[in-house]
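Structural overview for review
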Amino acid sequence: MSELWVRVCPESELAEGEIRSFDIEGDTILLARYGDKIFALEDTCSHDGAELSNGDLINSQIQCSRHGGRFDLETGEATQMPAIVGIKSYYVEIKDGDIYVALKK
Ligand code: FES
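Residues numbered from 1 in each chain as written. Predicted model: local features only at pLDDT ≥ 70, side-chain atom pairs only at ≥ 80, totals over all residues.

A look at the pairing of strand β11 (residues 98-104)
By the bridge criterion, seven bridges tie strand β1 (residues 3-10) to β11 in an arrangement that is antiparallel. When the sheet's bridge partners are listed, R7 is paired in β11 with Y100. Here four bridges tie strand β10 (residues 92-95) to β11, and the two strands are oriented antiparallel to one another. Across the sheet, the residue bridging to I94 is I99, located in β11. The hairpin turn running from β10 into β11, its antiparallel successor, is two residues long, and D96 in that turn takes a positive phi close to 50°. (Pairing = 2+ DSSP bridges. Helix = DSSP H or I, 4+ residues; strand = E, 2+ residues; numbered from the N terminus.)

In structure tokens, the structure reads:
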């Protein structure tokens, strides 16, 4: 399996505290800017399929808007019930002012 780096958007288009969803090569992935870092996660809650990009950023986690499950922004690990299964996380890089995400293909 190899990594495919895909340009998503200019870094300037994602404000502090913002969460946005993107369709990237057929995967729905959210980008979130929290503090001085940008994170990329699968945009589907493992509990009941809600779009996590409708949630909130709290203490380095994203909280699902449907039932309040939480996931670690860095690893995608489930950190609060009712979510118990983690979600995919993706490597992020900033190059020449643009955000890139690594997909495993
Ligand atoms: S759908 Fe996300 S916590 Fe239930």
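Topic: unusual backbone geometry
Following M81, the chain continues into P82 via a peptide bond in cis, with omega recorded as 5°. Here P82 lies in the loop between β8 (78-80) and β9 (89-90).

Remarks on the sheet that holds strand β3 (residues 27-34)
Spatial strand order, β2-β3-β4-β9: four strands in an open sheet with antiparallel pairing. One side of each edge strand has no neighbouring strand; the edge strands of this open sheet are β2 (19-24) and β9. Across two bridges, strand β4 (residues 37-42) lies against β9 in antiparallel orientation. Note on β9: the bridge partner recorded for L41 is S89.

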